[in-house]
Amino acid sequence: KEKMNKNEMDEVFTVYKLIILYMLDRAEGDVTQAMLSTFLLESGYANFVSLAESYAQLEKRDLVRIRLEGDKKFLQLTDAGKEALGFFCAQLNPLIRKQVDEWLVEHGRQIREDREVTAVYERMVSGVYEVRMAVKERGVTQLEVKLSVADATSAEAIADKWKEKNTGIYQYLIENL
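So, how was this worked out
Residues numbered from 1 in each chain as written. Predicted model: local features only at pLDDT ≥ 70, side-chain atom pairs only at ≥ 80, totals over all residues. Heavy atoms only, no water. Helix = DSSP H or I, 4+ residues; strand = E, 2+ residues; numbered from the N terminus. Buried < 20%, exposed > 50% of the residue type's maximum accessible area, 1.4 Å probe, protein only. Contact = heavy atoms within 4.5 Å. Areas by Shrake-Rupley, 256 points an atom, 1.4 Å probe, with all protein chains shown as cover. Patch = residues over 30% accessible without salt bridge, like charges linked within 9 Å, V, L, I, M, F, W, Y side chains within 5 Å. Salt bridge = Lys/Arg side-chain N within 4 Å of Asp/Glu carboxyl O. Lys, Arg positive; Asp, Glu negative; His and termini not counted. Charge placed at Lys NZ, Arg CZ, Asp CG, Glu CD. Axes fitted to C-alpha atoms, helices over the stretch in contact; angles between N-to-C directions. Parallel < 35°, antiparallel > 145°, perpendicular 65-115°, else oblique. Left-handed = near helix turned anticlockwise from the far one by under 90°. Nonpolar A, V, L, I, M, F, W, Y, C, P; charged D, E, K, R; others polar. Expected span 1.5 Å × (residues − 1). Polar contact = N/O pair within 3.5 Å; in protein donor to acceptor, adjacent residues only side chain to side chain.

(A) Seen up close, the overall build of the protein chain. A count of helical and extended segments in the protein chain gives 6 helices and 6 strands. In the protein chain, the succession of α and β elements from N to C terminus is α-β-α-α-β-β-α-α-β-β-β-α. In terms of overall dimensions, the protein chain has a C-alpha envelope of 60 × 35 × 30 Å along the principal axes. Sorting the 177 residues of the protein chain into buried and exposed places 36% on the buried side. Long-range pairs, those at least 24 residues apart, make up 52% of the contacts in the protein chain between residues at least 6 apart in sequence. Carbon together with sulfur atoms contributes 50% to the accessible area of the protein chain, which is approximately 11,600 Å² in total.

(B) Geometry of a negative patch on the surface. Negative charge collects at one region of the surface, where Glu59, Asp62, Asp79 and Glu83 lie side by side. Residue placement: glutamate 59 occurs in helix α3 (residues 48-60). Judged by relative accessible area, which is 39%, glutamate 59 ranks as partly exposed.

(C) Broad picture of a nonpolar patch on the surface. A cluster of nonpolar side chains, Leu41, Phe48 and Val49, forms an exposed patch at the surface whose accessible area comes to about 340 Å². Tracing the chain through its elements places valine 49 in helix α3. Judged by relative accessible area, valine 49 falls into the exposed class, the value being 64%.

(D) Looking closely at the packing of helix α2 (residues 33-42) against helix α5 (residues 94-116). One can describe the packing of α2 onto α5 by two numbers: an axis separation of 11 Å at closest approach and a directional angle of 155 degrees. As judged from the angle between their axes, α2 and α5 are roughly antiparallel. Of the two possible hands of crossing, α2 and α5 adopt the one that is right-handed. For the pair α2 and α5, contact is made by Met35, Thr38 and Phe39 and by Gln99, Val100, Trp103, His107, Gln110, Ile111 and Asp114, respectively. Tallied by class, residues from the contact of α2 with α5 come to 5 nonpolar, 4 polar and 1 charged.

(E) Here's a closer look at helix α6 (residues 152-176). Here α6 spans only 30 Å end to end across 25 residues, well under the 36 Å set by a 1.5 Å rise per residue. Within α6, the full set of buried residues consists of Ala155, Ala159, Trp162 and Asn166. Elements that come into contact with the buried residues of α6 comprise β4 (117-123), β5 (129-137) and β6 (140-149). Where α6 starts, the residue carrying a side-chain oxygen 3.1 Å from the main-chain nitrogen of threonine 153 turns out to be aspartate 151.

Next comes the structure, spelled out in structure tokens:
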């Protein structure tokens, strides 16, 4: 394979960044870095190293904000990112835009669940672990629960189960309160 020169590499990075901005815009909310990466890697648009560099550049230029929530990194489109997308979106191949739109429809439920069902835990000064779990719908918190447990293993297990069982727990509470 031929080596790419700097201008070719900049152009490729521009495509990665435009795809990321376009996905965030079309998803209408925060998207995990893992979901964005899955699309870009599986579609063959990027490799791991180029993606890491693209995320860092987008954040450095304030086109996206990266928020850590538990073990997930969420990316959010900033106003500057929306403006940049407005200027450069036409440069993004219409076939890529169509592919992104179809992928977002196919994976929309997972994207919503990632941002609407959360469970994080941390060790408190007292030594116990606090697990904070929430269910949101369209940005409005429907249910929020905090539990204190003795160890990290229990906290992690509870956080993992919450992701599977939150709907049943919510329904149980509604029916019994």
